[in-house]
Structure formats: C-alpha cells, structure tokens
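Reading the structure
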Amino acid sequence: MTGPPPLTGIRVLEFASLAPGPFAGMLLADAGASVLRVDRPVTTTTTSTSSTGSRSPLPTGDLLTRHKTSITVDLKNPHGIALLHALVPHIDVLIDPFRPSVLERLSLGPSHLLSLNPRLIYARLTGFRRDGRFAAMAGHDINYLAVSGVLSLLGRTRAPPTPPQNLLADFAGGGATLVQGILLALVSRASTGKGQVVEASMVDGVGYLASFSRFMVAGRVPGLGDRPRGENLLDSGCPYYDVYETRDRGRFVAVGALEPQFFAALLKGLALQGMGWEEKRYDRDRWPELRRVFEDVFRTRTRDEWEQVFAGSDACCTPVYEYAEMRADPVAKEGDQRPPVTLRDTPCLAVKKGVSDDASHGQGPGVEGEGYIGYPLAPGEGGVETLKAWLNWTRGVHFDVRDGGLVLKDKARL
C-alpha cells in the first residue's frame with residue numbers, strides 16, 4: 001500500500017512565466033504539491049473544448065501545467081495585491097521568475113512577504129546572476145550557456161558551438177535546480193521553523209552541471225579535456241562514442257563502447273573482430289579510418305536491424321528513438337512517460353493514464369496527453385476551487401472579480 005505523494009500538503013504560488021518557472025512548478029505538482037498559478041487577467045478564452053469534452057492544445061507559452069490551477073490577478077491593482085498579501089500567510093512556497101526588483105516594486109518582494117509569513121520559501125529564478133554585470137540584460141538559454149562557459153564545450157570540431165535547444169539552462173540549470181533549492185529550504189524549515197529566500201540563476205545552475213567537464217578542461221586531462229571542442233573522448237571526437245546513420249537514411253544508432261570489453265562486443269556485432277582494431281582503438285591517428293569503417297558498416301543495415309543485432313549485448317550500441325515512434329509503441333520502445341524518480345513508499349503522481357499505486361509509474365489516474373502532449377491552463381481555470389480547498393474562501397465573501405482579476409473584498413473575514 002503506497003502513501004500519498006511526498007509533497008502532499010505543500011502549497012505553492014507560481015507567478016506565470018515561460019519555461020523554467022513553470023517547469024519548477026510542474027516538478028513540485030507532480031510530487032503532490034498544490035500549485036496555484038497567478039496569471040494576468042485576460043478577456044478571451046485560451047483553450048478550446050472539442051465535441052467530446054476534452055481540451056484541445058492551442059499555441060501557448062506554457063504547456064507545463066500538469067496538476068496546476070490558476071487565478072487571475074491584476075498586479076497593478078492595489079486590491080489585487082491585497083488579495084495576494086492575504087494569501088501569502090497560508091502558502092509554503094512562492095516562485096518568482098521575474099528579473100530582479102520586479103516583484104519588489106509591487107510590494108511582493110521577499111522582505112515584505114517574509115514579514116507576512118516567516119515560514120515562506122521565497123524561490124527566485126533568474127537567467128543571469130543577480131550580482132553580475134549581465135543582471136539587467138535580457139537573455140535566453142543560449143545566452144546563459146554562453147556566459148557560463150558551457151556552450152563552448154558543445155558541438156563538433158571545426159564548427160560553431162551547438163545549442164542543445166533550451167534543455168540545459170532553462171530546465172536543468174534553471175527549473176530543476178530551483179526545485180532542489182526549494183526542497184533544501186523545506187528540509188531546513190523542518191528543523192528551524194523558518195523559511196528563507198532561495199535564489200537560483202541559470203548561469204550558476206548550468207555551470208554546476210558542468211563541474212566534471214570544467215575539471216577535465218582545467219586539468220587538461222588526456223582524452224577528456226586536453227583538446228579543442230569536438231576532439232575529446234565524450235564530445236564526438238572519438239569514433240566509438242558517437243552517432244551513426246543507418247541504411248534507412250535519417251535514422252541513427254548511438255555508440256558508447258568506451259571500455260575494452262564493450263568495444264570488443266561492438267566489433268563482434270559489426271563483424272569487425274580480429275582485424276586489429278582492438279589494439280588500435282587508442283591510436284588517435286587511426287580514429288578517422290575507424291570512423292569511416294563504422295560509417296560504412298552501419299549503413300549496411302537499418303536501424304531496427306542493428307537493434308536486433310545488439311539486443312541484450314554489452315556493446316553499448318542502441319537505437320536513437322524519436323518521440324512519435326515511442327508514443328506509438330510504448331511497450332517495445334519503453335515510451336511510457338514516468339515521474340523523474342521512483343519513491344517506493346510515496347510515489348509521485350502518474351503521467352500515464354490508467355496507472356494506480358505503481359511506484360515506478362507513479363500513482364493516480366495519469367493525465368491527458370500522457371507526457372507527450374502538453375495542454376494549456378487557461379488563466380483562472382480551477383483557481384477558485386483551489387482557494388476554496390485551501391482556505392474555504394468564496395467569491396462575494398472573501399474576494400470579488402474586477403476587470404477579469406481577483407481582488408480582496410473590502411472587510412473580508414479572513
């Protein structure tokens with residue numbers, strides 16, 4: 001018998017934003033926290049409903065909305081600010097995704113809100129460092145990677161650095177790192193009884209992720225950091241740690257046969273054993289030739305055929321799956337999306353539909369889209385119900401709606 005998700009009972013107020021902030025909120029929500037997003041008031045509907053009653057995904061800046069609800073608040077209206085002030089004493093975590101001083105100017109900064117709720121975890125996320133020379137500048141994932149030094153490591157030799165979409169700074173160095181800080185602050189609060197400000201920057205977060213790579217470069221460790229980008233062991237410089245196209249053009253296999261026994265298994269699967277490559281694998285002068293050999297051999301079969309050749313082996317040779325085929329065949333390709341970590345006694349919430357009390361897959365009924373399709377959360381969707389569940393607040397008694405945004409009702413009995 002499993003227990004409730006680990007963050008059950010934790011209340012989170014997330015200010016609407018793009019990418020890393022919503023990702024942090026989704027991680028908390030998937031772990032059972034009740035996450036209420038604060039949106040600006042709008043006058044048009046942001047989601048559509050099909051004839052079957054299910055929501056249709058529309059273009060939106062935020063699809064990271066699992067298990068969340070929303071309220072609309074005009075942050076320029078003092079009565080809207082008053083509503084948030086009344087709400088703060090009853091929450092555990094606030095996610096601030098804005099540039100430095102934005103919320104301070106609205107009387108929503110950490111000093112003000114921590115005076116209202118000393119147990120509050122005030123979590124702030126920026127791209128650049130708050131105390132750095134880029135602090136006042138706009139930026140995106142690629143810029144944070146650039147000034148952190150990490151972008152200089154990514155890409156092939158004799159080519160410009162390659163940004164890996166916005167995965168590293170926004171999500172790994174940003175949203176996920178912020179959640180780590182929130183969890184550490186919650187642990188600290190359990191012993192001190194006090195909340196605190198958590199500050200995360202994507203520059204610092206992604207720089208920390210690159211600790212191993214930075215150490216290798218600084219130490220000029222042979223094979224791992226002593227050569228330019230794209231010429232080291234793990235950055236596509238090595239022919240037995242790279243990606244190869246197969247006979248069905250546009251499909252690929254990934255090879256990571258670094259250790260001798262794995263390299264031997266790779267050669268066996270490719271029918272290249274006994275040709276001397278076992279002894280020559282460390283000879284960098286022979287790497288271009290070995291790469292050409294691999295390219296030619298891998299093009300003799302389809303990706304699926306190579307998958308069968310290496311099934312169950314230790315060759316470290318695997319197919320490169322695409323999301324469409326994983327979704328179409330989740331059993332064979334292990335495409336069912338799961339929580340990021342398995343907690344055996346208190347699993348996170350499920351992503352895949354139909355799962356219940358399965359620690360590996362999570363608990364609960366799952367969500368629409370099953371982790372492959374994100375659906376927008378309309379501003380104001382479900383938020384009134386959340387206020388009712390949290391504090392028994394009701395419209396007309398505790399708050400009203402004015403110009404599309406919630407405001408604290410005059411003389412509300414809170």
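Residues numbered from 1 in each chain as written. Predicted model: local features only at pLDDT ≥ 70, side-chain atom pairs only at ≥ 80, totals over all residues. Heavy atoms only, no water.

Across its full length, the protein carries 13 helices and 13 strands. Counting only C-alpha atoms and orienting by the principal axes, one finds that the protein spans roughly 85 × 50 × 40 Å. Here the protein holds 414 residues, and 42% of them are scored as buried. For the protein, the share of sequence-separated contacts (at least 6 apart) that also reach a separation of at least 24 residues comes to 65%. Carbon and sulfur atoms form 54% of the exposed surface of the protein, whose accessible area is close to 21100 Å². (Helix = DSSP H or I, 4+ residues; strand = E, 2+ residues; numbered from the N terminus. Buried < 20%, exposed > 50% of the residue type's maximum accessible area, 1.4 Å probe, protein only. Contact = heavy atoms within 4.5 Å. Areas by Shrake-Rupley, 256 points an atom, 1.4 Å probe, with all protein chains shown as cover.)

Bringing the packing of helix 5 (residues 167-192) against helix 6 (residues 202-209) into the picture now. When two helices pack together, their arrangement is given by the angle between the helix axes and the distance between those axes. Across the interface, helix 5 lies against helix 6 with an axial gap of 8 Å and an inter-helix angle of 100°. Between helix 5 and helix 6, the angle falls in the class roughly perpendicular. Contact residues: L168, A169, D170, A172, G173, G174 and T177 in helix 5; M202, G205, V206 and L209 in helix 6. Of the residues assigned to the contact of helix 5 with helix 6, the class counts are six nonpolar, four polar and one charged. (Axes fitted to C-alpha atoms, helices over the stretch in contact; angles between N-to-C directions. Parallel < 35°, antiparallel > 145°, perpendicular 65-115°, else oblique. Nonpolar A, V, L, I, M, F, W, Y, C, P; charged D, E, K, R; others polar.)

Turning our eyes to something else, we now look at the pairing of strand 10 (residues 252-256). For a regular strand, the rule is simple: side chains alternate between the two faces of the sheet. Of the two faces of strand 10, only the one carrying V253 and V255 is buried; F252, A254 and G256 on the other face are not. One ladder, built from five bridges, connects strand 9 (residues 241-245) with strand 10; its direction is antiparallel. In the strand pairing of strand 10, D242 is matched with V255. Remark: six residues form the turn of the hairpin made by strand 9 and strand 10, two consecutive strands paired antiparallel; G250 in that turn has positive phi of roughly 90°. Two elements, strand 10 and strand 11 (residues 317-319), share three bridges in a ladder whose sense is antiparallel. Opposite A254, over in strand 11, you have T318 as the bridge partner. (Pairing = 2+ DSSP bridges.)

Turning next to the sheet that holds strand 6 (residues 93-96). Two modes of strand pairing occur in sheets, parallel and antiparallel, and in both the strands are linked by backbone hydrogen bonds. In spatial order, the strands read 5-2-1-6-7-8; together these six strands make up an open sheet with parallel pairing. In this open sheet, the two strands that pair with only one neighbour each are strand 5 (68-72) and strand 8 (196-201). On average, adjacent strands in this sheet sit at an angle of 20° to one another, irrespective of strand direction. Relative to strand 7 (residues 121-126), strand 6 runs parallel, the two being bridged by four bridges. Residue pairing for strand 7: I95 is matched across the bridge by A123. Strands strand 6, strand 7 and strand 8 of the sheet are contacted by helix 5, whose axis makes an angle of about 160° with strand 7.

The subject of this paragraph is the side chain of D96. Position of D96 among the secondary structure elements: in strand 6. On the basis of relative accessible area, D96 is assigned to the buried category, the value being 1%. Polar contacts involving the side chain of D96 include one to the main-chain amide nitrogen of F98, which spans 3.0 Å. Setting aside its immediate chain neighbours within four residues, D96 contacts L103, Y122, A123, R124, L125 and R130. (Polar contact = N/O pair within 3.5 Å; in protein donor to acceptor, adjacent residues only side chain to side chain.)

Overall, antiparallel pairing links the three strands, which are arranged 9-10-11 in an open sheet. Looking at strand neighbours, the two that pair on one side only are strand 9 and strand 11, the edges of this open sheet. Put simply, the sheet's adjacent strands are angled 25° from each other on average, direction ignored. Running at roughly 40° to strand 9, helix 10 (residues 287-298) makes contact with strand 9, strand 10 and strand 11 of the sheet.

Its location among the elements puts K194 in the loop between helix 5 and strand 8. Put simply, K194 and I121 are 73 residues apart on the chain and 8.6 Å apart in space, counted from C-alpha to C-alpha. If we ignore the near neighbours within four places in the chain, the residues touching K194 are P118, R119 and R189.

On average, residues of the protein score 93 in pLDDT, and 95% of them reach the 70 mark or higher. Low pLDDT, under 50, characterises residues 45-53; the stretch is placed with 14 contacts to residues that sit more than four places away or in other chains. (pLDDT = per-residue confidence, 0-100.)

Okay, unusual backbone geometry next. With glycine set apart, most residues show a phi of negative sign, and most peptide bonds adopt trans. One non-glycine residue with positive phi stands out, namely A19, at about 60°. Among the secondary structure elements, A19 is positioned in the loop between strand 1 (11-15) and helix 1 (20-30). Its identity as a non-glycine residue notwithstanding, S107 has a phi of 60°, on the positive side. One can find S107 in the loop between strand 6 and helix 3 (110-116). Owing to a relative accessible area of 34%, S107 belongs among the partly exposed residues under this scheme.

Let us now look at the pattern of salt bridges. Two side chains that carry opposite charge are able to pair once their charged atoms sit near each other. Following the criterion strictly, the structure yields 19 salt bridges and no others. Between R124 and D96 there is a salt bridge whose closest N-O contact spans 3.6 Å. Within this pair, whereas R124 is found in strand 7, its partner D96 is found in strand 6, the two being separated by 28 residues in sequence. Both residues of the pair, R124 and D96, count as buried. Close ionic contact of D242 with R291 constitutes a salt bridge, the shortest N to O distance being 2.4 Å. One end of the pair, D242, is in strand 9; the other, R291, is in helix 10, with 49 residues separating them in the sequence. No difference in accessibility class separates D242 from R291, as the two residues are buried. One continuous salt-bridge network, built from bridges that share partners, spans D96, E104, R124 and E199. (Salt bridge = Lys/Arg side-chain N within 4 Å of Asp/Glu carboxyl O.)

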